[in-house]
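Tertiary structure, described
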Amino acid sequence: MIIDVPELALVALVGISGSGKSTFAGQHWKPTQVLSSDFFRGLVADDENDQSASADAFEVLHYVAGKRLAAGRLTVVDATNLQSHARAGLIKTAREHDVLPVAIVLDVPESVAWERTQGRPDRTFDRRVLTRMHRDLRRTLGQLAKEGFRKIHVLRGVDEIAAAEIRYEKLF
Ligand code: CTP
Ligand code: MG
């Protein structure tokens, strides 16, 4: 599956924990193009899992995203992006810099994500958290277009995610 992305865009990855967002980002973009919520929580709180640091972490993430977009650099946000207020912040940042907000949704079965999660030392939440995220994802799928995302790519299942290729569209 070819994913068309404008050569200058703010790309929001969207998916439950364990859906493979960070893995996908690592396969398709340079590390410096990817701003992850984990990384920014680590920066501001010395702990990538400290959820109480999320507000500060996202404030800094948006600041850096803004600087990158102002310089004409494609920027990918690696966070679950399952809450409408989180996505609204990204839409706002994209609009402020006159770039297109693009969503790439990684939609994997909850059971797949749960199996992966159990093998991760850095994730210790219980299954109910994942179930809630999965519910939030279903709701999110119906909201992305009206929120202002200009392109929405939904990759359904592990195979489609693995086969995805990014193709850049020239803006002019
Ligand atoms: N993984 C895998 N096969 C894939 C993608 C991911 O086995 N095709 C594994 C990764 O190695 C990792 C786990 O699944 O151990 C979760 O993948 P990750 O990319 O970290 O998922 P995220 O969506 O980034 O999860 P989180 O929101 O918790 O950061
Ligand atoms: Mg991740």
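Description of the structure in this document. (Residues numbered from 1 in each chain as written. Chains lettered and ligands numbered in written order. Predicted model: local features only at pLDDT ≥ 70, side-chain atom pairs only at ≥ 80, totals over all residues. Heavy atoms only, no water.)

1. Focus on unusual backbone geometry
Excluding glycine, most residues fall at negative phi; most peptide bonds, likewise, are trans. Positive phi outside glycine occurs at Asp46, with the angle close to 60 degrees. Residue placement: Asp46 occurs in the loop between α2 (37-45) and α3 (54-70). With a phi close to 60 degrees, Asp98 is a non-glycine residue in the positive phi region. Relative to the helices and strands, Asp98 resides in the loop between α4 (84-96) and β5 (100-107). (Helix = DSSP H or I, 4+ residues; strand = E, 2+ residues; numbered from the N terminus.)

2. Looking at the pairing of strand β1 (residues 2-6)
Among the five residues in β1, four count as buried, and that is most of the element. With five bridges joining them, β1 and strand β7 (residues 165-169) adopt parallel strand pairing. Considered in β7, the bridge of Pro6 is made with Glu169. (Buried < 20%, exposed > 50% of the residue type's maximum accessible area, 1.4 Å probe, protein only. Pairing = 2+ DSSP bridges.)

3. Let's talk about the packing of α3 against α4
In helix packing, the relevant descriptors are the interaxial angle and the interaxial distance, both defined with respect to the helix axes. Taken N-terminus to C-terminus, the directions of α3 and α4 make an angle of 30 degrees; their axes are 9 Å apart at the nearest point. By the angle between their directions, the pair α3 and α4 is classed as roughly parallel. Note on packing geometry: the crossing formed by α3 with α4 is right-handed. Residues His62, Ala65, Gly66 and Leu69 of α3 form the contact with α4, whose participating residues are Gly89, Leu90, Thr93 and Ala94. For the contact of α3 with α4, the class distribution of residues is four nonpolar, four polar and no charged. (Axes fitted to C-alpha atoms, helices over the stretch in contact; angles between N-to-C directions. Parallel < 35°, antiparallel > 145°, perpendicular 65-115°, else oblique. Left-handed = near helix turned anticlockwise from the far one by under 90°. Contact = heavy atoms within 4.5 Å. Nonpolar A, V, L, I, M, F, W, Y, C, P; charged D, E, K, R; others polar.)

4. Some details on a nonpolar patch on the surface
The grouping of Phe39, Leu43, Val44 and Val60 at the surface amounts to a nonpolar patch, some 340 Å² of accessible area in total. In terms of residue count, α2 provides more of the nonpolar patch than any other element does, three residues in total. Take Val44: its relative accessible area is 38%, and that puts it in the partly exposed class. (Patch = residues over 30% accessible without salt bridge, like charges linked within 9 Å, V, L, I, M, F, W, Y side chains within 5 Å. Areas by Shrake-Rupley, 256 points an atom, 1.4 Å probe, with all protein chains shown as cover. Salt bridge = Lys/Arg side-chain N within 4 Å of Asp/Glu carboxyl O.)

5. Notes on the packing of α2 against α3
At a minimum axis separation of 8 Å, α2 and α3 run at an interaxial angle of 110 degrees. With respect to each other, α2 and α3 are oriented roughly perpendicular. The hand of the α2/α3 crossing is right-handed. Residues Ser37, Phe40, Arg41 and Val44 of α2 form the contact with α3, whose participating residues are Ser54, Asp56, Ala57, Phe58, Val60, Leu61 and Val64. Split by residue class, the contact of α2 with α3 holds seven nonpolar, two polar and two charged.

Structural measurements only, silent on function.
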